[in-house]
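Listed below, chain by chain, are the residues.
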Amino acid sequence: MAIFVDQNTKVIVQGLTGGQGRFHGLRNRAYGTQVVGGVTPGKAGQDVEGIPVFDSVEDAVKATGATASFIAVPPKAAPAAILEAARAGIGFVVCITEGVPAQDEARVYATLQRDYPATRLLGPNCPGIISPGKCNIGITAGEIAQLPSSSGPNVGIVSRSGTLTYQALYELKQQGIGVSTCVGIGGDPVPGTSFVDCLAEFQADPETHAIIMIGEIGGSAEEEAAEFITKHVTKPMSAYIAGVTAPAGKKMGHAGAIVSGGKGTAQGKMDALRMAGVKVGLNPTEAGSLMAEIVHSLR
Amino acid sequence: MDLFEYQGKQYFAKYNIAVSAGGVAHTVDEALVEAEKALYPVVVKAQVQVGGRGKAGGIKLANNSEEVRLHAGNILGMDIKGHLVKRVWIEHASDIAEEYYASFTLDRAAKQHLLMLSAQGGVEIEVVAERDPSAIVKLHINPIEGLSLATARQAAVDAKIPARALDGVADMLVKLYECFTKGDCDLAEINPLILKPTGEVHALDAKVSLDVNASFRHPEWEEYAATEELDAREQLAREKGLQYIGLDGTVGIIANGAGLAMSTLDVVNQVGGSAANFLDIGGGANAELMTAALEVINSDAKVKSILINIFGGITRGEEVAKGIVEAVKRVSLRAPIVIRLDGTNADEGRKILADAGIPDSQLTSRPTMLEAARAAVALAK
């Protein structure tokens, strides 16, 4: 098991003929992901190293039976691409595009909620998702992810930051700890999938035995996660929150990483998670070590 | 991107939000010209992006040209909480019967737009929230449904806006919402929103923050970017296309990825140092980007050591290392570098760094983030 994606997931890449789509789409296929098609309007009939290209998501789904989409198109085109995938019945949409306006994200989210509740969006502005050994959609370097062990224990990872996600994957690999699924939810103000969505899935996934969560300043997603953990998560967790020293009022790289009006501080988030019983590390390595301790106690 | 009040008012005016006639002035002479145009009495307002201007003496009423000369002369060049006043806004003074508050933001938790409305304006909304939370009406708006005039009017009723101002406030809210959504604002706030004795509702102040991700559909925003108050380091970083925020410490930071950069700041702080900046060079970390990053850091006189924190993912360790070696050759650095290189092919990368013939006094490598931070902080002391 894994969450959201596995070996049966069939993926199309919207924007396969573009630089990013081609590069990452081919990498994902090389990892073993079933990349069954690509979509670029006006380029039907072409192929990218054997991957057929279609004019629309609808055509691609009809021809390939795709269940997931990987969107690698510019910010202007991303909202329409997400909704096109949803309209074509795609159940899981990963959008890595950075720079989508917040107003567009809010409208897309509301539209999915109202018209396409069966579609889950991951991102925008996220590194993607990897279920090691099964499926990799997005920009994660697959080789740094440790395969889950059949006997367990395995760890699920959920993170708002790309490089810190890699850091977490890498530290688990160094310690020989298997990963069930690693989800990068992205650093934008309106992510399609939240910490809470991932925690619920990890809690229900028999292959996941413990969870690492990597948050950052801004918004209240970590506080909402802490509330959810208190009520619904029984699996042990460690966490790290980036941005303890970030100055108020400045966007720290990610559009959503901003402390404003005294809200969204790292300290507040760490306190909330500790209250929920999560072991909180003061740096990513410490969160990794805390997870190693948890895993050893489970073995 | 935060706008100055005068820019916010000009932005409001595009959406037919009533603001006072006025103009911006950089000199006393310009202030006199704008005051003549706006008609006396006028208000001279310091244009700084910080609250508490009035208390600091940055807002003055002027009844004639002598008073404009006096006040504009005092306010221009004034330091308000570390912000130098470079321009003043001159507008016709408004008669005020009542002061309200209105704003639209995105509520990230609810993933919906949020209207905040209060009949108690003119003071900071945080103060009202503390003193009397029931005085603020909070209304969520579904982004695909929008705000109707009827809903806006009901919100005004709920906020106990007096009957004679209801229609004016409702109309204002609908226009402000349009400005917020079509204008791609992160925040659109009017405080105070005033009722004039004549019954008109009018924006006496404007606080607007724009979502820079939407710049591609707002070419008119270029003029705002030009007046953004960046320090010399931030200006240079912007020209080089780097994500940079200037801070006050002594350890220059370069990392790949926003989360890792933030985390590096934290770790430097934990081991007793202070970061000079936040700098994310993104996933690539090639020689060009690294050179640009080092040039920006090198322009900061306070920097005593440089911490480069790279996690190789798709970009392999050896490529990153080659980029660093190349960049170090190109830039004549004033401060020593400590590198932490980890991730894909990190060993190969470290070997390239070790064999590059760069003296230890200029560049050293540490295997972990914590050790690298300790070394960089020690060098900065």
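Residues numbered from 1 in each chain as written. Chains lettered and ligands numbered in written order. Predicted model: local features only at pLDDT ≥ 70, side-chain atom pairs only at ≥ 80, totals over all residues. Heavy atoms only, no water.

## Observations regarding the overall build of chain A
Tallying secondary structure elements over chain A gives nine helices and 14 strands in all. Since a compact globule built from 299 residues should have a radius of gyration of about 19 Å, the 18 Å found for chain A is in line with a globular shape. Along the longest, intermediate and shortest principal axes, the C-alpha atoms of chain A span 55 × 45 × 30 Å. Within the span of chain A, comprising 299 residues, buried residues form 63% of the whole. (Helix = DSSP H or I, 4+ residues; strand = E, 2+ residues; numbered from the N terminus. Rg over C-alpha atoms; globule rule 2.2 N^0.38 Å. Buried < 20%, exposed > 50% of the residue type's maximum accessible area, 1.4 Å probe, protein only.)

## A closer look at helix H1 (residues 19-31) of chain A
Residues and elements named next belong to chain A. Between its first and last C-alpha atoms H1 spans 18 Å; for 13 residues at 1.5 Å apiece the expected length is 18 Å, and the two agree. Taken residue by residue, H1 has Gly21, His24, Gly25, Leu26 and Asn28 as its buried positions. For H1, the secondary structure elements touched by its buried residues are strand S1 (10-14), strand S2 (34-39), strand S3 (47-48), strand S4 (51-54), strand S5 (68-71) and strand S9 (135-138). (Expected span 1.5 Å × (residues − 1). Contact = heavy atoms within 4.5 Å.)

## As for the domain arrangement of chain A
Residues and elements named next belong to chain A. Entries for chain A in the domain assignment read domain 1 (10-122) and domain 2 (141-298). On the domain 2 side, the residues contacting the ten residues of domain 1 number 14 residues. On the domain 1 side of the interface with domain 2, the three residues burying the most area are Glu105, Arg120 and Leu122, jointly 45% of the side's total. Our enumeration of links across domain 1 and domain 2 arrives at two salt bridges. Here Arg120 makes a salt bridge to Asp197, at a shortest N to O gap of 3.3 Å. At the junction of domain 1 and domain 2, the tally comes to four residue pairs in polar contact (both at pLDDT 80 or more). Those elements that place two or more of their residues in the side of domain 1 that touches domain 2 are H1, helix H4 (102-115) and strand S7 (120-122). The leading source of residues in the side of domain 1 that touches domain 2 is H4, at four residues. Residue composition of the side of domain 1 that touches domain 2, grouped by class: seven nonpolar, no polar and three charged. (Domains from an automatic or database assignment. Buried area = accessible area lost by both parts, 1.4 Å probe. Salt bridge = Lys/Arg side-chain N within 4 Å of Asp/Glu carboxyl O. Polar contact = N/O pair within 3.5 Å; in protein donor to acceptor, adjacent residues only side chain to side chain. Nonpolar A, V, L, I, M, F, W, Y, C, P; charged D, E, K, R; others polar.)

## Side note on the domain arrangement of chain B
Assigned domains within chain B: domain 1 (21-92), domain 2 (98-224) and domain 3 (232-379). Relative placement of domain 2 of chain B and domain 3 of chain B: their C-alpha centres are 43 Å apart.

## As for the packing of aromatic side chains
In this structure the tally under the stated criterion is nine aromatic pairs over all chains. Aromatic pair Phe4(A) and Phe92(A): ring centres 5.3 Å apart, planes at 25°, arrangement stacked. With Phe4(A) in the segment before S1 and Phe92(A) in strand S6 (residues 92-95), this pair connects stretches of sequence that are 88 residues apart. Members of the aromatic cluster, joined through ring pairs, are Phe4(B), Tyr6(B) and Trp89(B). (Phe/Tyr/Trp six-rings, centres within 6.5 Å; stacked < 30°, edge-to-face > 60°.)

## Quick notes on the side chain of Glu5(B)
Residues and elements named next belong to chain B. Position of Glu5 among the secondary structure elements: in helix H1 (residues 5-14). Only 2.9 Å separates the side chain of Glu5 from the side chain of Gln47, close enough to count as a polar contact. In this structure, Glu5 is in contact with Lys45, Gln47, Arg53, Trp89, Leu204, Asp205 and Ala206, ignoring residues within four places of it in sequence.

## A word on the sheet that holds S4(A)
Residue and element names in this part refer to chain A. The seven strands are arranged S3-S4-S2-S1-S5-S6-S7 in an open sheet whose pairing can be described as mixed. Single-partner strands in this sheet number two, and they are S3 and S7. Summarising the sheet, S2 and S4 pair through two bridges and their orientation is parallel. From the neighbouring strand, Gly38 faces S4, where its bridge partner is Val53. Against the sheet, helix H2 (residues 57-64) engages S1, S2 and S4, with an angle of about 155° to S1. (Pairing = 2+ DSSP bridges. Axes fitted to C-alpha atoms, helices over the stretch in contact; angles between N-to-C directions.)

## Observations regarding the interface of chain A and chain B
How big an interface is tends to be expressed through the accessible area that disappears when the partners come together. At the junction of the two partners, chain A supplies 58 residues and chain B supplies 45 residues. Counting the surface lost from both chain A and chain B, the interface buries some 4,100 Å², and carbon and sulfur atoms represent 59% of this. For the pair chain A and chain B, the number of links is two salt bridges. Taking the shortest distance from any N to any O, the salt bridge between Asp104(A) and Arg217(B) comes out at 2.9 Å. Linking chain A with chain B are 18 residue pairs in polar contact (both at pLDDT 80 or more). For the side of chain A that touches chain B, the secondary-structure elements that each account for two or more residues are H1, H4, helix H5 (162-174) and strand S13 (237-242) of chain A.

## Regarding the packing of helix H11 (residues 317-330) of chain B against helix H12 (residues 346-354) of chain B
Residues and elements named next belong to chain B. Running from N to C, H11 and H12 point in directions that differ by 20°, and their axes come no closer than 7 Å. In terms of orientation, H11 lies roughly parallel with respect to H12. As for how H11 packs across H12, the hand of that crossing is right-handed. Of H12, the residues touching H11 (which contributes Gly317, Glu318, Ala321, Lys322, Ile324 and Val325) are Glu348, Gly349, Ile352 and Leu353. Residue composition of the contact of H11 with H12, by class: five nonpolar, two polar and three charged. (Parallel < 35°, antiparallel > 145°, perpendicular 65-115°, else oblique. Left-handed = near helix turned anticlockwise from the far one by under 90°.)

## Examining the pattern of salt bridges
If you walk through the whole model with that rule in mind, you get 35 salt bridges over all chains. Among the salt bridges present, the one from Glu223(A) reaches Lys269(A), with a minimum N-O distance of 3.0 Å. Of this pair, Glu223(A) sits in helix H7 (residues 221-232) while Lys269(A) sits in helix H8 (residues 266-275), and the two are 46 residues apart along the sequence. On the basis of relative accessibility, which here comes to 0%, the residue Lys269(A) falls in the buried class. Arg350(B) is paired through a salt bridge with Asp342(B); the nearest N and O atoms lie 3.7 Å apart. Sharing partners across several salt bridges, the network here consists of Glu5(B), Lys9(B), Lys45(B), Arg53(B), Glu91(B) and Asp205(B).

## Remarks on unusual backbone geometry
Residue and element names in this part refer to chain B. In this structure, the amide linkage connecting Tyr40 to the following residue, Pro41, adopts the cis form with an omega of -5°. Here Pro41 shows up in the loop between helix H2 (28-38) and strand S2 (42-46). A cis geometry characterises the amide bond from Asn191 onward to Pro192, with omega recorded as 5°. Among the secondary structure elements, Pro192 is positioned in strand S10 (residues 185-195). Phi angles above zero are rare outside glycine, and Leu39 is one such case at about 75°. Within the secondary structure, Leu39 sits in the loop between H2 and S2. The backbone of Lys81 shows a phi angle near 50°, a positive value even though the residue is not glycine. Given the relative accessible area of 58%, Lys81 is considered exposed.

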